[in-house]
Each structure stands twice: as C-alpha cells, then as structure tokens.
Amino acid sequence: MPGRLRAWFRSRAGAWRDRGRTAWLRTRRPASLRTAFAVAFATGAAVVTVLVGFLSYDAAARLVRVDERSVFSEVVRDLRTQVQEKEFGPADYAASDPDHDGPRDDLTRPTRTDVQILGAGGRIVELGRPALPAGAAERRIATDPQAGRYAEREADIGDDEYHVATVALGDGRGAVQVAQKFSETEDLLSALQQRTVLLAAVVIALAGTVGWWLARRITGRLVRLTSVAESVAEHGRLDVPVPVAGRDEVARLGRAFDDMLGRLASAVQDQQRLVQDAGHELRTPLTSLRTNISLLKRFDDLPPDAREELLADLAGEARELSDLVNELVGLAAGQRDDDPLSEVSLAEVAEKAAASARRRTGREITVRTLRPAVAWGRPAALNRAIGNLLENAAKFDAGGTEPIEVRVTGARIEVLDRGPGIAEADLTRVFDRFYRSAAARGLPGSGLGLAIVREIATAHGGHAFAAARPGGGAVLGFTVGRGYAH
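Let us look at the structure shown here.

Conventions and cut-offs
Residues numbered from 1 in each chain as written. Predicted model: local features only at pLDDT ≥ 70, side-chain atom pairs only at ≥ 80, totals over all residues. Heavy atoms only, no water. Axes fitted to C-alpha atoms, helices over the stretch in contact; angles between N-to-C directions. Helix = DSSP H or I, 4+ residues; strand = E, 2+ residues; numbered from the N terminus. Parallel < 35°, antiparallel > 145°, perpendicular 65-115°, else oblique. Left-handed = near helix turned anticlockwise from the far one by under 90°. Contact = heavy atoms within 4.5 Å. Nonpolar A, V, L, I, M, F, W, Y, C, P; charged D, E, K, R; others polar. Pairing = 2+ DSSP bridges. Patch = residues over 30% accessible without salt bridge, like charges linked within 9 Å, V, L, I, M, F, W, Y side chains within 5 Å. Areas by Shrake-Rupley, 256 points an atom, 1.4 Å probe, with all protein chains shown as cover. Salt bridge = Lys/Arg side-chain N within 4 Å of Asp/Glu carboxyl O. Core = buried A, V, L, I, M, F, W, Y, C linked by side-chain atoms within 4.5 Å. Buried < 20%, exposed > 50% of the residue type's maximum accessible area, 1.4 Å probe, protein only. Polar contact = N/O pair within 3.5 Å; in protein donor to acceptor, adjacent residues only side chain to side chain.

1. Considerations on the packing of helix H8 (residues 346-361) against helix H9 (residues 379-396)
The interhelical angle for the contact between H8 and H9, taken along N-to-C directions, is 45 degrees, at an axis separation of 9 Å. Considering their axes alone, H8 and H9 lie oblique with respect to each other. Pair H8 / H9 crosses with right-handed handedness. Residues Leu346, Val349, Ala350, Lys352, Ala353, Ala354, Ala357, Arg360 and Thr361 of H8 form the contact with H9, whose participating residues are Pro379, Leu382, Asn383, Ile386, Gly387, Leu390, Glu391 and Ala394. Taken together, the residues of the contact of H8 with H9 sort by class into 11 nonpolar, 3 polar and 3 charged.

Right, here's the structure in full:
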C-alpha cells in the first residue's frame, strides 16, 4: 500500500508540474519583434565591439611592450659597446659632468633611463633616482675583470616596476647600472584598457538605442497591420483602413492584406445579397405551394380537371424550386470547383454544350468556328456557361423554326437566336441575379442562369455581353481573357 501511495503521489505531482508549465507557457507574453531586433542589434554590436577592442588592445599592448624592451636593450647594448671600446671609470659616468657630453649623457639623452654608479667592490658611488638594488649579483659584476659583462633583473622599487641591467667596467673598477620603469607603460596600457571598455559600453548602448529606433521604424507598420488583423478577428469588421505606405515588403503585405479584406467584404456583400434575393425569389413558389397544399385537403371534392391542374401545378412548382435551389448552390459555390485549370479548345467545348442542349431542348443548334482558339480555363465551367446561354435562347425562342447558332471567334463565344429580342433598357441588366424582364416573368426559370454565365466569364478574365441581333432576336455571349489562337 505505501508503494502504491508513493506512485500515486508521484504521478499527481508530475501532472501538476506539467499543468503548471503549460499554464505558464500560455500566460507568458511572447517576445516583441521590436525587442528581438533591438537585442539582436545590441548583441551583434557587442560581439563586434568586444572582438575589435580586444584585438586592438592586444596588438597595441604588444607593440608598446616590445618597443619599450627594444629601446632598453639598445641602451644596454650601447653601454656595453662603450666600456668595451674605451676604459671608463666610475667618475666618467658621474652626473656632475658640467659639459653634459660624457658617456652618461649618451645613455640618458634619447631615453628616460635611470643611472646608478657602483665603485670597486660593488659599493654605491652615486645613487640613482630612485636608488637601484645592488645585491650580490651586482657586486660580482662590479668586480668582474672583463668589461661589458652584464646581468639583468626585474625589480620592484616602491610601487613601480623596473628592469635593471648592471654592466661591468672591467678590471674590477666597478659597474654602471641602468634602469627603465615599465610600470608607466603598464599604467598607460591599463588606462587604454579602461577607455576601450568604456568605449565598447558606449557603442553597445548606442547600438541598442539605434537598434530599438530602427526596429521601431521597421516593425511599426507590422504592428499596425497586426492591430488591424486582430481588430478584424475580434469584431469581424472588414472596412477597417489598412496602412499601405511604402514600397518594401511590408507595404506589399499591407496592400495584399487590404486587397484580401476588400475581396472578403465583397464576398460577404455578395453572400448577403444572394441570401436576400434568394429569400425573395423563394417566397413566391413557396406561397404557391402552400396554397396548393391547402387545396389538397379538399382534393376528393375537386372535379377531375381541377385535380389534374392542381397536380400539374405542384409538379411544376417543385421542379421550379429544385432548379432554383440547384442554381443557388452553383452560384454560391462560385467557380471554385474541383475542375482543374487546363488548356481548353473553345470550339470543342461549344460542340459538347450544343450536343447536350440538343438532347434537352430538341432544337436544332449549329456551331460555327470562325477563328479557333485555345483558352486556359476550366472545361466544365465553360461548358456550363455555353449551356446556360443555349437554354436561355431555347426558352425565349420556343416556337422558332430557325436553328440556334453558336459562333466561336477566337476568345469570343456568341449564342444567336430569333426570339423576341431584348429591350434596350434590359441589355445592361439581363446578367443580374434574379432579374426577370417583363417579357420573361411568365416563363419558367430562376433568373440565375445568365448571372452564372457572367460569374464564369469574370473568373476566366473576360466579360459577358448582350445585344440585339440584326433582323430580330438576341445575341448573348462572353469572352475569355486568357485565350490565344491556334
């Protein structure tokens, strides 16, 4: 039992821990793009500044140290050359030379070299400023019989660091000590290091500030676009203004977003108008159906002729409703069907549509291809558009004896009939949804067939048109914008 309890508590603790981590991730505010840009700018500037500063300081320090040591080595070499070429005594290097033309002046004139003189036995004859160390090694050099023998050492004198060289005068006459203070060089390098660090900090801070400013300039329009998108998502309004200033990628995004909102708003308006028009058009056949259904309650009391007429009306109204619903579904779906885009021969599509219309209507239909063309489009949609034009022509030319004609002239398709024609006032409205002219209100139909033709033509980069046919009748058709001749 205790083992089971421990396992249960462990599982619960793990679940609570995972739940807490998930809640923290959900409530954690995502990092701002502006902050990310600023941090990236500052980080890049910090890396570059630190790297350049370190390399510059290291190179400068190496050059200064090498230069200082080379100068001191040259002083020691000159001193050794002096004592080897000529016999000098401790007095020759005394600081009391009134003419300042002795060998000591040759050592101290070009550099800041400190000099201390040792006599025979290594005793100090003249102290340096400051006094230099004269231990056993220096006394041994002072008693050395060979001129130019020397010894070097590092010495801390007070708070300063010196490099000391002791050169023998020869024959036990003594030695000359020369020293150079390196702590000044190190102090200079330390000051240079501090200034480098300070400059790096200033550059990093300036880079962060400039990065924040640039990120604000860059992301400002993105932030406004984000606000617009969030407003659209929250309130559902599509008429909000979208910032599209500039010519860069953000401006292109803004224009694309603005165009998308415009298309969405247009689609919503079309949908609302379709619903309103559909409701208006459905109201009439539904009212007629309700009336006829109420008559069915007295069906046995009706005479045989009235019964036949009632059943015919019901069948016709049901068929009309079915056609209207089918047309509404097709129109609401638009041209975004599963039919893929491909190269389509307009003449072949017209022949197939004419063959189908002949079977449905029983009318003679001829197809004339004046100039063949191939279009980039959807074959099923184009076939439907031509079929709607042919059914419209057959409906208005029901008693005609002349054949209905289809003409294909490049990317232009026309259907010609010898019906009553179209009034001048109706030419610009025949492709509107649910529009029925005065001459067509007594004919069957939904008023959507020609609207679908216009939708298909627009989707293919063209337009629909209507005109009166010379000699009587009408010419209705559409163009395809992406057609080219064989």
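2. Let's talk about the pairing of strand E9 (residues 404-409)
Summarising the sheet, strand E7 (residues 365-371) and E9 pair through 6 bridges and their orientation is parallel. Opposite arginine 371, over in E9, you have threonine 409 as the bridge partner. Taking the residues that link successive antiparallel strands as the turn, the E9-strand E10 (residues 412-417) hairpin has 2 residues, and the phi of glycine 410 there is positive, at about 65 degrees.

3. As for the packing of H9 against helix H10 (residues 449-459)
At a minimum axis distance of 9 Å, the contact between H9 and H10 shows a crossing angle of 145 degrees. Relative to H10, the crossing made by H9 is left-handed. Each of Ala381, Leu382, Arg384, Ala385, Asn388, Leu389 and Asn392 in H9 lies in contact with H10, whose residues at this interface are Gly449, Leu450, Ile452, Val453 and Ile456.

4. Quick look at unusual backbone geometry
A cis amide bond links arginine 129 to the next residue, proline 130, at an omega of 5 degrees. Along the chain, the position of proline 130 falls in the loop between strand E2 (124-126) and helix H4 (136-142). A positive phi is found at aspartate 171, a non-glycine position, where the angle reads about 60 degrees. Looking at the secondary structure, you find aspartate 171 in the loop between strand E4 (160-168) and strand E5 (175-181).

5. Some details on a nonpolar patch on the surface
Taken together, the side chains of Leu51, Phe54 and Leu55 present a nonpolar region at the surface, about 330 Å² in accessible area. Relative to the elements of secondary structure, leucine 55 occurs in helix H2 (residues 33-85).

6. Concerning the nonpolar core
In summary, soluble globular proteins display a tendency toward joint burial of nonpolar side chains. In this structure, Leu346, Leu382, Ile386, Leu390, Val406 and Phe478 are the most contacted members of the largest nonpolar core, which totals 37 residues. Elements represented by at least two residues in this core include exactly H8, E7, strand E8 (373-377), H9, E9, E10, H10 and strand E12 (474-479). Top contributing element to this core by residue count: H9, with 8 residues. Apart from the residues within four sequence positions on either side, valine 406 is in contact with Ala350, Ile365, Thr366, Val367, Arg368, Leu390, Ile413, Glu414 and Val415. Val83, Val167, Leu169 and Val178 belong to the second-largest nonpolar core, a separate cluster that totals 15 residues.

7. As for the side chain of glutamate 405
Residue placement: glutamate 405 occurs in strand E9. Classification of glutamate 405 by relative accessible area gives buried; the value is 9%. At a separation of 3.1 Å, a polar atom in the side chain of glutamate 405 contacts the side chain of arginine 368. What glutamate 405 contacts, discounting residues up to four positions off in sequence, is Thr366, Arg368, Glu414, Val415, Leu416 and Arg469.

8. What to know about the side chain of threonine 166
Summarising the element assignment, threonine 166 is placed in strand E4. A polar contact is formed between the side chain of threonine 166 and the side chain of glutamine 177, at a distance of 3.3 Å. Not counting residues up to four positions away in its chain, the partners in contact with threonine 166 are Leu118, Glu138, Ile141, Arg149, Tyr150, Ala151, Ala175, Val176 and Gln177.

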